[in-house]
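In case you want the letters, here they are:
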2 protein chains.
Amino acid sequence: MPTDPNAAPPCNCLAVRQAARRVTQFYDRFLAPSALRTTQFSILSRLNRSGPMSIHALAEAMVMDRTTLGRNILPLEREGLVGVEQSTEDRRSKNLKVTPEGLARLKEATAGWKRAQSAFEGAFGAERAAALRAVLHDVATLDLDEAGA
Amino acid sequence: MPTDPNAAPPCNCLAVRQAARRVTQFYDRFLAPSALRTTQFSILSRLNRSGPMSIHALAEAMVMDRTTLGRNILPLEREGLVGVEQSTEDRRSKNLKVTPEGLARLKEATAGWKRAQSAFEGAFGAERAAALRAVLHDVATLDLDEAGA
DNA sequence: TTGACAAACGTGCATATGCTCTTATGTCCA
DNA sequence: TGGACATAAGAGCATATGCACGTTTGTCAA
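In this text, all values refer to a predicted model and were calculated from it rather than measured experimentally.

The rules behind the values
Each chain has its residues counted from 1, running along the sequence as written. The naming scheme follows written order: chains are lettered A onward, ligands numbered 1 onward. In view of the model being predicted, local features appear only for residues whose pLDDT reaches at least 70, and side-chain atom pairs are presented and counted only at 80 or more, with totals across whole chains, interfaces and linings using the full set of residues. Each side-chain value is derived from all of the structure's non-hydrogen atoms; neither hydrogens nor water enter the calculation. Helix and strand definitions here come from DSSP, where helices need a minimum of 4 consecutive H or I residues and strands a minimum of 2 consecutive E residues; each element is numbered from the N-terminal end. Categorising residues by exposure relies on relative accessible area from a 1.4 Å probe, with only protein chains included: less than 20% of the type maximum marks a residue as buried, more than 50% marks it as exposed, and the intermediate range marks it as partly exposed. By the convention used here, residues are in contact when the closest approach between their heavy atoms is within 4.5 Å. Note on areas: Shrake-Rupley, 1.4 Å probe, and residue coverage restricted to the protein chains presented here. Only four residue types enter the charge count, namely Lys and Arg as positive and Asp and Glu as negative; His and the chain termini do not. Charged side chains are reduced to one point each, which is NZ for Lys, CZ for Arg, CG for Asp and CD for Glu. When the copies are superposed, the least-squares fit draws on C-alpha atoms of residues that have pLDDT of at least 70 in both. Think of it this way: one heavy atom of a residue within 4 Å of a molecule or strand is enough to make that residue near it. Two N or O atoms form a polar contact when they lie within 3.5 Å of each other; inside protein one atom must be a possible hydrogen donor and the other a possible acceptor, and for residues adjacent in sequence the pair counts only when both atoms belong to side chains. Basically, the charged four are Asp, Glu, Lys and Arg, the nonpolar ten are Ala, Val, Leu, Ile, Met, Phe, Trp, Tyr, Cys and Pro, and anything else, Gly included, counts as polar. Once two parts are brought into contact, the accessible area they lose, counted with a 1.4 Å probe and summed over both, makes up the buried area. Definition used for salt bridges: Asp or Glu carboxyl oxygen within 4 Å of a side-chain nitrogen of Lys or Arg. In this description, a line fitted to the C-alpha atoms serves as the axis of each element, helices being fitted only across the stretch in contact, and the angle between N-to-C directions of two axes falls anywhere from 0 to 180 degrees. Should the near helix be turned anticlockwise from the far one by less than a right angle, the crossing is left-handed, and should it be turned clockwise, the crossing is right-handed.

## Details of the overall build of chain A
For chain A, the count of helices and strands is six helices and two strands. Helices and strands appear in chain A in the N-to-C order α-α-α-α-β-β-α-α. Dimensions of chain A, computed from C-alpha atoms along their principal axes, come out at roughly 65 × 40 × 25 Å. The proportion of buried residues among the 149 residues of chain A is 46%. Of the contacts made within chain A by residues no fewer than 6 positions apart, 50% connect residues no fewer than 24 positions apart. Total accessible area computed for chain A in this model is approximately 7,800 Å², and 51% of it derives from carbon and sulfur atoms. Here chain A contributes 20 positive and 17 negative side-chain charges, whose respective centroids are spaced 7 Å apart.

Listed below in structure tokens is the structure:
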């Protein structure tokens, strides 16, 4: 019996990427009215929750490459949703903070996010979703340095 | 007690995207010697397993937007790893197939992929990984049309 | 047959992703 | 105090992602 092409992919990387594409598309549709992508919503949300921090720190918190976050900030800065200024203690560093406009947009987008979250969990199951998030968090924070990388 | 910023993210979308970034970076390092990205490896692998097919069909199989796959094919075509030709039955459609060079590169990259897969499962657990792939496959194939999208 | 509709694909646009290399700044020890 | 090293960030490069819109081709019924 040949391998079923529609079975779960044997590759862990492909599996998580496919799921990410699908879920991102779904959430993006709900966020579209507020003109924020899921990435942008995540950044604003995290920055608002954790308070002002550097690009380096936020990138680490987002499990994102530093240079990627640096670019992702640009559209948010251009629209005045995130403030960027040189740190006074360490002039190499920049301080990121959510502006009042950013907070307003974040609140607006949160309504759409809640609908997306509810719709997803309605289809997938709230319990399963919680378990999935926990496992994915383990993956995202897994120490892979020892794994012969 | 305030929310722990390092806890698992409450957003399903963020959780899966963070995990995808992390795992992709890990696999990419193992694939780098063969000069293939994980996306390219996935495409070659799937196309080789399922045989020649159209952009539309392959995109669906990859859980990827049609236009995204169309662009992802370009570097592979440029390097002669994938052949692209007009279909004779349906002139709107294009037939994609893995070339002999593509097959050779795929085999070469598979060695790196196996190391990545082993290293990841060594750190995360083979059983857990299998369960994770199954759940992620459910997510990727979940019917979200009913979910108020 | 032809006209309406559907399907496959491409283009333009904007963001997302991370590597490599470079620059500016901070730290710390000899 | 200098010089070695580390750290924060930017620039260039290439790919990845998907939406909106347009074009070509197929299908099917009036």
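## Quick notes on the relation of the copies chain A and chain B
In the superposition of chain A on chain B (RMSD 0.0 Å, axial shift 0.0 Å), the rotation amounts to 180 degrees. Both copies are brought into coincidence by an operation consistent with a two-fold rotation axis. Counting the interface residues of chain A, we find that 100% of their copies in chain B are interface residues as well, pointing to one common contact surface.

## Digging into the protein's contact with DNA strand D
R17, H56, R71, R92 and K94 of chain A are the nearest of the 27 residues found near DNA strand D. Those atoms of DNA strand D that come within 4 Å of the protein belong to sugar or phosphate at a rate of 61%. Here a sugar or linking oxygen of DNA strand D and a side-chain polar atom of R37 of chain B are 3.5 Å apart. D65 of chain B is positioned with one of its backbone polar atoms (N or O) 3.1 Å from a phosphate oxygen of DNA strand D. Only α1 (12-31), α3 (55-61) and α4 (66-78) of chain A together with α2 (38-50) and α4 (66-78) of chain B provide two or more residues apiece to the surface near DNA strand D. Broken down by element, the surface near DNA strand D gets its largest block of residues, six residues, from α4 of chain B. Class assignment of the residues belonging to the surface near DNA strand D gives a composition of three nonpolar, 10 polar and 14 charged.

## Describing the environment of S93 of chain B
All names here are of chain B. Topologically, S93 is positioned in the loop between β2 (82-86) and β3 (94-98). The spacing of S93 and P9 is 84 residues in sequence and 42 Å in space, taken between C-alpha atoms. If we skip the residues at most four places from it in the chain, S93 touches S54, E85, Q86 and S87.

## Notes on the interface of chain A and chain B
Residue-level contacts link 58 residues of chain A with 58 residues of chain B. On the chain A side of the interface with chain B, the three residues burying the most area are N12, R22 and L144 of chain A, jointly 11% of the side's total. At the boundary of chain A and chain B, one finds two salt bridges. Between R128 of chain B and D138 of chain A there is a salt bridge; the shortest N-O distance is 2.9 Å. There are 28 residue pairs in polar contact (both at pLDDT 80 or more) connecting chain A and chain B. Broken down by element, the side of chain A that touches chain B gets its largest block of residues, 17 residues, from α1 of chain A.

## Observations regarding the environment of F124 of chain B
Counting through the fold element by element, F124 of chain B comes out in helix α5 (residues 100-124). With 107 residues separating them in the primary sequence, F124 of chain B and R17 of chain B have C-alpha atoms 18 Å apart. Residues within four places of F124 of chain B in sequence aside, it is in contact with V135, D138, V139 and L142 of chain A together with A129 and L132 of chain B.

## Brief notes about the packing of α1 of chain A against helix α1 (residues 12-31) of chain B
Two numbers describe how α1 of chain A lies on α1 of chain B: the axes approach to 8 Å, and their chain directions differ by 145 degrees. Judged by the sense of rotation from one axis to the other, the crossing of α1 of chain A with α1 of chain B is left-handed. Residues N12, C13, V16, R17, A19, A20, V23, T24 and Y27 of chain A of α1 of chain A pack against N12, C13, V16, R17, A19, A20, V23, T24 and Y27 of chain B of α1 of chain B. Across the contact of α1 of chain A with α1 of chain B, the residue classes tally to 12 nonpolar, four polar and two charged.

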